Amino acid sequence: MSRALRYAPPLTGRGLILRPRLLAPLHTRFERPLTAVVAAAGFGKTTLLAQAVRENALSPLGRDAWLTCQRDDAALSFLASGALAALGVSAPAPDDPRAAAVTVAEAMWGTAPRHVALVLDDAHLVDPGSPGGAFLAALVEELPRNGHLVVASRPPLAALPTARLQANGNAVVLGEADLQFGDEEVAAFAGTRQVSPELLREVGGWPALAELTATAGPAAVTGYVWEELLGRLPADRLRALALLVAVGGADDEIAATLLGEHVRLGDLLDGLPLVVRGRSGWWSLHSLWGAIVGDRLTPAEVASARRSAGRVLARRRRYHDAMDLLTDAGAWDDVRAVVVEVCEVGTPLVPPDVLEAWRGRLPAEVQDSPEGLLLAAMVAEPTNPDAAEQLLERAFAAAPHAAEVGFACLNALVEVAFRRSDRRQMKLFIERLTELAAHGHERAEGWIALFRALLARSAAEVRAELAAPGLVSGAPLSPVQEWLRAHLLLLKLGEPEAAEAVARRAMGSAVPNLAVLFCCQVVESLRLRGRLDEASRLLPDLLGGIHPAKVLTSPEVVTCAVVLLEVLGRDDEAEGLLERSRPSVAASSVAWGPVAGALAEAFCQVGRGEEDRAAATLRAVLHLGLARTQAVLQVSPAALPLLYVLLPEVRQTWDADPPAGSFTAVSALAGALVALRDRGSVAEAGDLPPEARRIARAVLPAPWTAELALGLVATGRDEGRALLEDLGPRVRPTLRARAGGLPGPVAAAARRLLRELPAAPAARLQLRVLGPMELRRDGEVVAAPELRRERVRQLLAYLLVHDRPTRSAVTAELWPDLDEPAAGRNLRVTLAYLHSLLEPDRGELDPPYFVRSAGPVLHLVVDGALEVDVRTFDRCLDEAARLERQGVPSAALPAYLRAVDLWCTDHLPDVPGGEWLEWERERVRGRCVAAAVRAGELLLARGDRRAARGLGERALRVDRWSERAYQLVVAALLDAGDLVAARQWSRRCLRALAELGVPPQPRTVALEKRLAELGARPGAPPR
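In this text, all values refer to a predicted model and were calculated from it rather than measured experimentally.

Chemist: Can you help me understand the overall build of the chain in this one?
Modeler: When helices and strands are counted, the chain shows 55 helices and 13 strands. Classification of the 1023 residues of the chain by burial places 54% in the buried group. Look at the contacts in the chain between residues 6 or more apart in sequence, and 67% of them connect residues 24 or more apart. Only carbon and sulfur atoms are counted for the fraction: they give 53% of the accessible area of the chain, which is about 42,700 Å². Taking the average place of the 118 positive charges on the side chains of the chain and the average place of its 127 negative ones, the gap between the two points comes to 3 Å.

Written out as structure tokens, the structure reads:
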């Protein structure tokens, strides 16, 4: 069986013969989409695949990713997540077979230029008619050119279109006739076992029978292989083997449970045929051992062994393996216990489709039991909470008094009521839980405390519940309990630092469906402390965890991501996420779905200056009780400023009972903003505590942050101006609106700042530096004499390369031979030329927009008014890298190509400079070469060999010593079948490496080896 051998091929302690005639087609598995080994048990399928994997590891042609299939792989989530895990990807698997296949194919494509083969052993366990079977069929169709599938299965292999692929030359299938030993292999095998080949003459080429016969020895010629083999083993050892076969293998703990502490697996299995072990210490006996020792145990003994092993695996939370054994044993009491444990936490520990598959294995009487009804409820709950509630009530009514399943049902009912925001129902269920806990349920106290804390009206009540012994005893909490505790700390108590500690600790061990929720908690914890930079670093993980199935049950993740994107100034991305998520948010069955959607929409609308629309959006959900109370904070911290500022009718509620902790600072910001707007008062803004001023930009929409910053400026606080400068051009609409208001300090400050803060020029500039420096204004080339001045180009280049240099640093680099006063005069003159070049229409008294001075510091502003190709180049490549980390190379490829298209001849080739400029040129050249090669690798893996070759040659024009670029060109030519040109480019590569005095990389060696192999085939072009 497959237990504990899921992600690695088994090891063997007995010598095996190499079978070159079979390894040869497996060796070429990286040349075709599908390779299949289809035969009955005992033909050495797993051994052959394991040998092929080990041989490839010695001289890799690609990477092998091993996945041994299990019965639960019929469920899409289990098989697709297993495939992703085998590939080293932690992304969630979509809940559609085709979409999941595309996700896995993208993960394989992302390894280009390296080829990757997903090796599926025991694929016959995936029912062709199941979602897992549909996923496999779709995966074959979606494979990239560098992605390959290798399958071992018992016949028939119905899930995959092998016949069609074979007809097209895209598949190789090895069958039983291929796997039988030939005469030479029989002789070789006999030599490894030190027996005569004559002994194996009658085995018919069947590898398993050859192994058994060789082990049985000369007496096996009588035909009594089994009897001879078993006759050598004592009765207690035979019984031990029978027990291990019954449970599908074991490790030390399971062996001790079945056989006693004194048994050592290595000693017990030493010298026996058809035995393998895993790297984790798991030993497994071939299924043919069942025919040998299967009659040594009664059915009752087999069931007892499987039940004992299943219990051990359940304690380890290896629920998939445990359910296999327990259902096979008919140990329905233990099956029911596993169901309760998996489903007790409200959010099940395995996906709903696996739960559904489990339920299908249960007999009717177990399906109709309280545990079976609980299982059915957890399958229904994400999409149909009404049906789930009915099933849970039936299950609870049928459960014995004080039984574990009753507790699990009540726990789940609280969860359903929570998702409906039904406080009355939650209270009733908690009362029933409390009655049940009186009978000694060991985990009840912690759950009851958390649920009561959710209902608590005051911070003091929440703290009292979180101090319950069941939560502070040191006993480990379930992942859902940890999430609830962080939720209460963050959104009920306003303690972001404590919440972050809990959430970060839980993130590492969280079940996949909770990972994005913990990520949201950390993001909000950071925002409420003004740590935007740290929050932005979590954005890829946050966005990567948002998919339709998760949004259905947790729509607040969309609100969290949209708000973060908005406060970071990434408005277009926020709008795009909203657009994609609207259908899932609208379809969500949870009570706060409409509120979560409205908050996200309103935050974006305020950012666009559409406050009336934002207010209408919020009023549309105000009829929901959740939106009128502080409970709305449990959806998103953004609720407080949005509702307080936009809806005057709710302010009295917030003022009467101010929220606790860090929300006090958010309340102060909202109150100061209302005072500015309603009464023109700046006193509240001036009195804002430091923590409120520090978090303003992280918790408010940008226009509101600008208004508060204006109020701070009006009171003489310097941080107000700094805030406005951080917000950039987004502040000017706010300044203009306030400058036209009634006389007063705010209007005066706005008018002053409009004069002092430079306005973005009406014309947009485009500066090219990835080639001879060229400036365009609204698309027209600027032919100004200033640009022909060498010092002007040097100064502009220096300001591009160095962020906020001091004047002394500039003069030391550009005028090193002049004394300080003379160099300073030259800088002032050159700056005047540069101002004139960039802003020829600027008034004499107007502050410059593009090149600004702050004391001794100079700063070149590159934003929407000035587009610089090298900055766009870097942004494209940073975005491509982010997308690659998320496992979506299809989205990264356009970013790579856009960056490469920006390259002309070199970086600032017409600007003389010192080491600072040469270092920058080397950096940009390196990124250009890497981008061109990476894009070429992805295109080649997609089958576009001509474009791939062109990108490789383009990279070599930038860096003629780039080994990766040579590898790309050679690989593209090999793919096109042009061996002559491939050899020519390979020789160029080797000559370039020789000039540098460095040895070739393994991939270069592998390509050389591939050239040699192809050249040796019949009909190959002459060398």
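Anyway, onward from the coordinates.
Chemist: How should the side chain of Arg934 be read in this particular structure?
Modeler: Inspection of the secondary structure puts Arg934 in helix α51 (residues 915-942). Residue classification places Arg934 among the buried positions, given a relative accessible area of 11%. Discounting chain neighbours no more than four positions away, the residues touching Arg934 are Trp109, Gly110, Thr111, Ala112, Pro113, Glu884, Tyr896 and Arg964.

Chemist: Quick question: what am I supposed to make of the pairing of strand β9 (residues 774-777) here?
Modeler: Look at any regular strand and the pattern is simple: side chains alternate between the two faces of the sheet. Relative to β9, strand β8 (residues 765-768) is paired through four bridges, and the arrangement is antiparallel. Residue pairing across strands places Gln766 opposite Arg776, the latter belonging to β9. Of the strand pairs in this sheet, β9 and strand β10 (residues 780-781) are connected by two bridges, and their pairing is antiparallel. Residue pairing in the sheet places Arg777 in a bridge with Glu780 of β10.

Chemist: What is the right way to look at the environment of Gly952 in this model?
Modeler: With respect to the element layout, Gly952 can be found in helix α52 (residues 945-958). Under the relative-accessibility criterion, Gly952 is labelled buried at 0%. For the pair Gly952 and Glu813, spaced 139 residues apart in the sequence, the C-alpha separation amounts to 37 Å. Once you skip the residues sitting within four places of it in the chain, Gly952 turns out to touch Ala965, Leu968 and Val969.

Chemist: So what exactly am I meant to see when it comes to the sheet that holds strand β4 (residues 147-153) here?
Modeler: Sheet strands associate in pairs through backbone hydrogen bonding, adopting either a parallel or an antiparallel arrangement. Spatial ordering of the open sheet is given by β2-β3-β4-β1-β5, a layout of five strands whose pairing is parallel. Only two strands of the sheet have a single partner each, and these edge strands are β2 (63-68) and β5 (171-174). Each neighbouring strand pair of the sheet contributes to a mean axis angle of 15 degrees, computed without reference to strand direction. Bridging between strand β1 (residues 34-38) and β5 involves four bridges; their strand directions are parallel. When the bridges of β5 are listed, Thr35 appears paired with Val172. Sitting on the sheet, helix α3 (residues 76-86) is in contact with β2 and β3 (116-121), with an inclination near 145 degrees to β2.

Chemist: Hey, could you run me through the pairing of β4 in this one?
Modeler: Counting buried residues in β4 gives seven out of seven residues, a clear majority hidden from the surface. Strand direction decides the pairing type here: β1 and β4, joined by five bridges, are parallel. Bridged to Leu34 within β4 is Leu149. The pairing of β3 with β4 spans five bridges and is classified as parallel. From the neighbouring strand, Val119 faces β4, where its bridge partner is Val150. A crossover links β3 with its parallel partner β4, the connecting element being helix α5 (residues 131-142), and its sense is right-handed.

Chemist: Looking at this structure, how should I read the side chain of Thr1004?
Modeler: Here Thr1004 lies in helix α55 (residues 1002-1016). Judged by relative accessible area, Thr1004 falls into the buried class, the value being 5%. Of the polar contacts made by the side chain of Thr1004, one reaches the side chain of Gln967; its length is 2.9 Å. Once residues lying within four places of it in the same chain are set aside, the contact partners of Thr1004 are Glu963, Gln967, Cys989 and Leu990.

Chemist: Explain the pattern of salt bridges to me, please; I cannot follow it from the model alone.
Modeler: Opposite charge on two side chains makes pairing possible when the charged atoms of those side chains draw close. Under the counting rule described, the total for this entry stands at 62 salt bridges. Put simply, Arg98 and Glu141 hold a salt bridge, and the shortest N to O gap is 2.9 Å. Here Arg98, found in helix α4 (residues 97-109), pairs with Glu141, found in helix α5; they are 43 residues apart in sequence, far enough to count as distant. Among the ionic contacts, a cluster of salt bridges with common partners joins Arg71, Asp72, Asp324, Asp328 and Arg361.

Chemist: Please clarify how the nonpolar core should be interpreted in this entry.
Modeler: For soluble globular proteins, nonpolar side chains are generally found buried alongside one another. Trp289, Leu374, Leu542 and Leu642 are the most contacted members of the largest nonpolar core, which totals 212 residues. Counting residues per element, this core draws most heavily on helix α22 (residues 404-420), at eleven residues. With sequence-adjacent residues up to four places away left out, Leu374 is seen in contact with Val339, Val340, Cys343, Leu392, Ala395, Val405, Ala408 and Cys409. Listed in part, the 87 residues of the second largest apolar core include Leu796, Val851, Cys989 and Leu1007.

Chemist: How should the packing of α52 against helix α53 (residues 963-976) be read in this particular structure?
Modeler: Helix-helix packing is characterised by the crossing angle of the two axes and by the distance between the axes. The interhelical angle for the contact between α52 and α53, taken along N-to-C directions, is 155 degrees, at an axis separation of 8 Å. In terms of orientation, α52 and α53 fall into the roughly antiparallel class. Note on packing geometry: the crossing formed by α52 with α53 is left-handed. Listed contacts from α53 to Arg945, Ala948, Arg949, Leu951, Gly952, Glu953, Ala955 and Leu956 of α52 are Ala965, Tyr966, Leu968, Val969, Ala972, Leu973, Asp975 and Ala976. Per-class residue counts for the contact of α52 with α53 are eleven nonpolar, one polar and four charged.

Chemist: Sorry, what's going on with the packing of aromatic side chains here?
Modeler: Two measures describe an aromatic ring pair: the distance that separates the ring centres and the angle between the ring planes. A full pass over the atoms with the stated rule returns five aromatic pairs. Seen from their ring centres, Tyr966 and Trp985 are 6.3 Å apart, and the 50 degrees between their planes marks the pair as tilted. A residue pair is termed long-range when its members are at least 10 positions apart, and Tyr966 in helix α53 and Trp985 in helix α54 (residues 979-996) qualify at 19 residues. For Tyr966, a relative accessible area of 8% translates into the label buried. Directly above the aromatic system of Tyr833 lies the positively charged group of Arg789, at a separation of 4.0 Å from the ring centroid.

Chemist: Sorry if this is basic, but what is going on with helix α39 (residues 663-679) here?
Modeler: Note: α-helices contain 3.6 residues per turn, so residues at a spacing of three or four share the same orientation. With 17 residues, α39 should cover 24 Å at 1.5 Å per step; its first-to-last C-alpha distance of 23 Å lies within 8% of that length. Buried residues of α39: Phe663, Ala665, Val666, Leu669, Ala670, Ala672, Leu673, Val674, Ala675 and Leu676, and no others. In the stretch just after α39, Gly680 is the one whose phi turns positive, near 65 degrees.

Chemist: Help me understand helix α18 (residues 352-361), please; the structure alone is not making it clear to me.
Modeler: When we look at burial in α18, the residues that qualify are Val354, Leu355 and Trp358. What you see down the axis of α18 is that its buried residues fit within an arc of 100 degrees, all on one side. Facing away from the buried side of α18 by over 90 degrees, the exposed positions are Glu356 and Gly360. Buried residues along α18 sit in contact with α3, α16 (319-329), α17 (332-343) and α20 (370-380).

Chemist: Where do I start with a nonpolar patch on the surface in this structure?
Modeler: A contiguous nonpolar surface patch, about 260 Å² in accessible area, is contributed by Trp961, Leu996 and Val998. Following the sequence through the fold, Trp961 ends up in the loop between α52 and α53.

Chemist: Help me understand the confidence of the model for the chain in this model?
Modeler: Detailed reading of the predicted coordinates is not advisable wherever pLDDT falls low. The share of residues in the chain with pLDDT of 70 or more is 94%, and the mean pLDDT across the chain is 88. Low pLDDT, under 50, characterises residues 219-224; the stretch is placed with five contacts to residues that sit more than four places away or in other chains.

Chemist: Please clarify how the environment of Gly977 should be interpreted in this entry.
Modeler: With respect to the element layout, Gly977 can be found in the loop between α53 and α54. Residue class for Gly977 comes out partly exposed when judged on its relative accessible area of 49%. The spatial distance from the C-alpha of Gly977 to the C-alpha of Leu1014 is 9.4 Å, given a sequence separation of 37 residues.

Rules used throughout
Residues numbered from 1 in each chain as written. Predicted model: local features only at pLDDT ≥ 70, side-chain atom pairs only at ≥ 80, totals over all residues. Heavy atoms only, no water. Helix = DSSP H or I, 4+ residues; strand = E, 2+ residues; numbered from the N terminus. Buried < 20%, exposed > 50% of the residue type's maximum accessible area, 1.4 Å probe, protein only. Contact = heavy atoms within 4.5 Å. Areas by Shrake-Rupley, 256 points an atom, 1.4 Å probe, with all protein chains shown as cover. Lys, Arg positive; Asp, Glu negative; His and termini not counted. Charge placed at Lys NZ, Arg CZ, Asp CG, Glu CD. Pairing = 2+ DSSP bridges. Axes fitted to C-alpha atoms, helices over the stretch in contact; angles between N-to-C directions. Right-handed = clockwise from strand over helix to strand, strands pointing away. Polar contact = N/O pair within 3.5 Å; in protein donor to acceptor, adjacent residues only side chain to side chain. Salt bridge = Lys/Arg side-chain N within 4 Å of Asp/Glu carboxyl O. Core = buried A, V, L, I, M, F, W, Y, C linked by side-chain atoms within 4.5 Å. Parallel < 35°, antiparallel > 145°, perpendicular 65-115°, else oblique. Left-handed = near helix turned anticlockwise from the far one by under 90°. Nonpolar A, V, L, I, M, F, W, Y, C, P; charged D, E, K, R; others polar. Phe/Tyr/Trp six-rings, centres within 6.5 Å; stacked < 30°, edge-to-face > 60°. Lys NZ or Arg CZ within 6 Å of the ring centre and 35° of its normal. Expected span 1.5 Å × (residues − 1). Arc of directions from axis to C-beta. Patch = residues over 30% accessible without salt bridge, like charges linked within 9 Å, V, L, I, M, F, W, Y side chains within 5 Å. pLDDT = per-residue confidence, 0-100.

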